[in-house]
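# Chains, contacts and geometry: an overview
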Amino acid sequence: MPSIATGSRIFLSPPHMSGNELTYIHEAFDTNWIAPLGPNVDAFERELAEKVGTRGAAAVSSGTAAIHLALRLIGAGPGDKVFCSSFTFIASANPIRYQGAEPVFIDSEPDTWNMSPQALERAFADAEREGALPKAVIVVNLYGQSAKMEEIAALCERYGVPIIEDAAESLGSTYQGRASGTFGRFGVYSFNGNKIITTSGGGMLVSDDTGALEKARFLATQARDPAPHYQHSEMGFNYRMSNVLAGIGRAQLEVLEDRVRARRLIFSAYESELGDLPGVSFMPEPAGSRSNRWLTVMTVNPAEAGVNPAELLAAFAEQNIEARPVWKPLHLQPLFAGAAYYPHLPGASFCETLFGQGICLPSGSSLTEEEQARVISCVRREWKQGIAVSA
Ligand SMILES: *Cc1c(COP(=O)(O)O)cnc(C)c1O
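Residues numbered from 1 in each chain as written. Predicted model: local features only at pLDDT ≥ 70, side-chain atom pairs only at ≥ 80, totals over all residues. Heavy atoms only, no water.

### Looking at the pairing of strand β4 (residues 136-140)
This is how it is decided: Three labels apply to residues, based on accessible area from a 1.4 Å probe with only protein chains included: buried if under 20% of the type maximum, exposed if over 50%, partly exposed otherwise in between. The way it works is that DSSP assigns letters per residue, a run of H or I at least four long becomes a helix, a run of E at least two long becomes a strand, and they are numbered from the N terminus. Any two strands with at least two DSSP-identified bridges between them are counted as paired.
For β4, the buried fraction is high: five of the five residues fall into the buried class. With burial as the criterion, each face of β4 is covered, one bearing Ala 136, Ile 138 and Val 140 and the other bearing Val 137 and Val 139. Across three bridges, the pairing between strand β2 (residues 81-85) and β4 is parallel. Residue Phe 83 lies in a different strand from β4, and its bridge partner there is Val 137.

Structure (structure tokens):
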């Protein structure tokens, strides 16, 4: 038992229902559209495409499945390289290996913490010299912040390589006034339970290429040929979203803007209450972009703070508060040992520094002010103790 009263558990990013989900679920039950597909799936695709401004969308079982389908549609296969952000969740890169291709990891840069155009340019130059340009570039918009899509898209265009935008964490964010996730040939959103909106599990592939989306739907339903019997000429997957879950998604999409506002307010509260502490910084939001602030990420520079990130995480755990280190860069993962990696500046990896200092704070849109106050006072107490020890 903890020695001090800790209160109920504060989660990092729990699901936040609007109440309207049951309306759509009931509709599905009343019409017996329980089986995969149905009117909620069609409507969810239409409504999401309209929201982000793409010609179409294909609802699938997860964000990972959407990335996999995008790579398959682009034709990445054995012997091919695919460039991918290193500072991200494993699901950004696993589908590269599903396709038998090899990832090449690209570092982040300090302004957005996302893919460094400088590192990308060096990776392209090397690949061109070797006569082996990548099949695709997977650009991640971490924690809701868009990458420098203008610079990245210009480079990809110069080399004629398509972008898959992994916007799993950035639904509701914008870059230069346009929805995050709509800058590549394909964009990917996730509705996993911890994301800004959820279907309990699910994903969406978006694109202006409606023919490719039609092919994605075909591949996601076992690639069944148009024949009266079950005939298959290609290998497909069972990746479609169910009509019940799409109903949850429709209700969640209705409140997306509220969810973004709530998370941005939580970010502002943390920043204003903790930003004065020595050694503390927050994830930037460069001009021209608006992050959904899916998770508030704080960095702790132990040399200036007198507190190290591991101590802070231990204090949160003791207070029954769920906080997490930032994603471990993929080029450091045992799974990807030996994969090529391009740091932001030669010999100076930026995301490794972030990995050593970053902490994700509880950021769910249902987080109350009392809960925020508990998180804030837990942090401030560590700094007081840190100063007391060093004095
Ligand atoms: C959540 C996430 C995914 C995967 O989405 P799932 O729906 O969980 O498969 C991919 N990339 C990033 C950056 C994510 O955060």
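Further notes follow.
### A short note on the domain arrangement of the chain
To keep things clear, this is the line we draw: These domain boundaries are the output of an automatic or database domain assignment. Only heavy atoms enter the contact rule, under which two residues are in contact if any of them lie within 4.5 Å. Here the quantity called buried area is the total loss of accessible area, with a 1.4 Å probe, experienced by two parts when brought into contact, counted for both. By salt bridge we mean one thing: a side-chain nitrogen of Lys or Arg within 4 Å of a carboxyl oxygen of Asp or Glu.
Taken domain by domain, the chain holds domain 1 (21-256) and domain 2 (257-390). Taken over C-alpha atoms, the centre of domain 1 sits 26 Å from the centre of domain 2. The interface of domain 1 with domain 2 comprises 45 residues on the first partner and 42 residues on the second. Both faces considered, domain 1 and domain 2 share a buried interface measuring about 4,000 Å² in area, 61% of it formed by carbon and sulfur atoms. Together, Phe 105, Trp 113 and Tyr 143 form the three largest contributors to the area buried by domain 1 at its contact with domain 2, with a combined 21%. Counting every contact that joins domain 1 to domain 2 gives zero salt bridges.

### Structural notes on helix α11 (residues 309-318)
Keep this limit in mind: As used here, the arc belongs to the directions running from the helix axis to the C-beta atoms. Each polar contact in these results corresponds to two N or O atoms within 3.5 Å; when the atoms are within protein, one needs to be able to donate a hydrogen and the other to accept it, and residues that are neighboring in sequence are counted only if both atoms are side-chain atoms.
For α11, the set of buried residues is Pro 309, Leu 312, Ala 315 and Phe 316. Projected down its long axis, α11 shows its buried positions confined to an angular sector of 120°, all on one face. Exposed and oriented more than 90 degrees from the buried face of α11 are Ala 310 and Ala 317. Here α11 starts with a cap whose side-chain oxygen sits 3.0 Å from the backbone nitrogen of Ala 310, and that cap is Asn 308. Two residues or fewer past α11, Asn 320 is found with a positive phi of approximately 65°.

### As for the pattern of salt bridges
Counted under the stated rule, the structure contains 17 salt bridges. Lys 148 is the salt-bridge partner of Asp 111, the closest N and O atoms lying 2.6 Å from each other. Within this pair, whereas Asp 111 is found in the loop between β3 (102-106) and α5 (117-129), its partner Lys 148 is found in the loop between β4 and α6 (149-159), the two being separated by 37 residues in sequence. Take Asp 111: its relative accessible area is 40%, and that puts it in the partly exposed class.

### Focus on the packing of helix α3 (residues 63-74) against helix α7 (residues 210-220)
As a reminder of what qualifies: Every angle, taken between N-to-C directions, lies between 0 and 180 degrees, and every axis is a line fitted to C-alpha atoms, over only the stretch in contact when it is a helix. Handedness of a crossing is defined here by the sense of rotation of the near helix relative to the far one, left-handed for an anticlockwise turn of less than a right angle and right-handed for a clockwise turn. Here the nonpolar group is Ala, Val, Leu, Ile, Met, Phe, Trp, Tyr, Cys and Pro; Asp, Glu, Lys and Arg are the charged ones; every other residue, Gly included, is treated as polar.
Where α3 contacts α7, the axes come no closer than 10 Å and their chain directions differ by 115°. In this structure, the crossing between α3 and α7 has a hand that is right-handed. Side by side, α3 and α7 meet where Leu 69, Arg 72 and Leu 73 of the first sit next to Ala 212, Lys 215, Ala 216, Leu 219 and Ala 220 of the second. By residue class, the composition of the contact of α3 with α7 is six nonpolar, no polar and two charged.

### Examining the site of the ligand
Note the threshold: Residues are counted as near a molecule or strand when any one of their heavy atoms sits within 4 Å of it. Note on areas: Shrake-Rupley, 1.4 Å probe, and residue coverage restricted to the protein chains presented here.
In the neighbourhood of the ligand, 15 residues make up the surrounding shell, with Gly 63, Thr 64, Glu 169, Ser 190 and Lys 195 lying closest. Here an oxygen atom of the ligand sits 2.5 Å away from a polar atom, N or O, in the side chain of Glu 169. At 2.7 Å, a side-chain N or O of Ser 190 approaches an oxygen atom of the ligand. Considering the ligand on its own, with 380 Å² of exposed area, one finds that the protein chains cover 93% of that surface. Residues belonging to the shell around the ligand are distributed by class as follows: four nonpolar, eight polar and three charged.

### Focus: the packing of aromatic side chains
The criterion, for reference: Two aromatic rings from Phe, Tyr or Trp, using only the six-membered ring of Trp, form a pair when their centres are within 6.5 Å; if the ring planes differ by under 30 degrees the pair is stacked, by over 60 it is edge-to-face, and anything between is tilted. The rule is short: NZ of Lys or CZ of Arg within 6 Å of the ring centre and within 35 degrees of the ring normal puts a charge over the ring.
All chains considered together, the criterion is met by eleven aromatic pairs. Between Phe 44 and Phe 191, the ring centres sit 5.2 Å apart and the planes meet at 50°, which makes this aromatic pair tilted. Separated by 147 residues along the polypeptide, Phe 44 in helix α2 (residues 39-52) and Phe 191 in the loop between β8 (186-190) and β9 (203-207) bring together distant segments of the chain. For the residue pair Phe 44 and Phe 191, the accessibility class agrees, reading buried in each case. Aromatic pair Tyr 175 and Phe 183: ring centres 5.4 Å apart, planes at 85°, arrangement edge-to-face. With respect to class, Tyr 175 is no different from Phe 183; both count as buried. Among the aromatic side chains, those forming a connected cluster through ring pairs are Phe 87, Phe 89, Tyr 143, Trp 294 and Trp 327. Sitting above the plane of the Phe 183 ring, Arg 178 keeps its charged end 4.1 Å from the centroid. It is Arg 293 that lies over the ring of Phe 267; its NZ or CZ is 3.4 Å from the centre.

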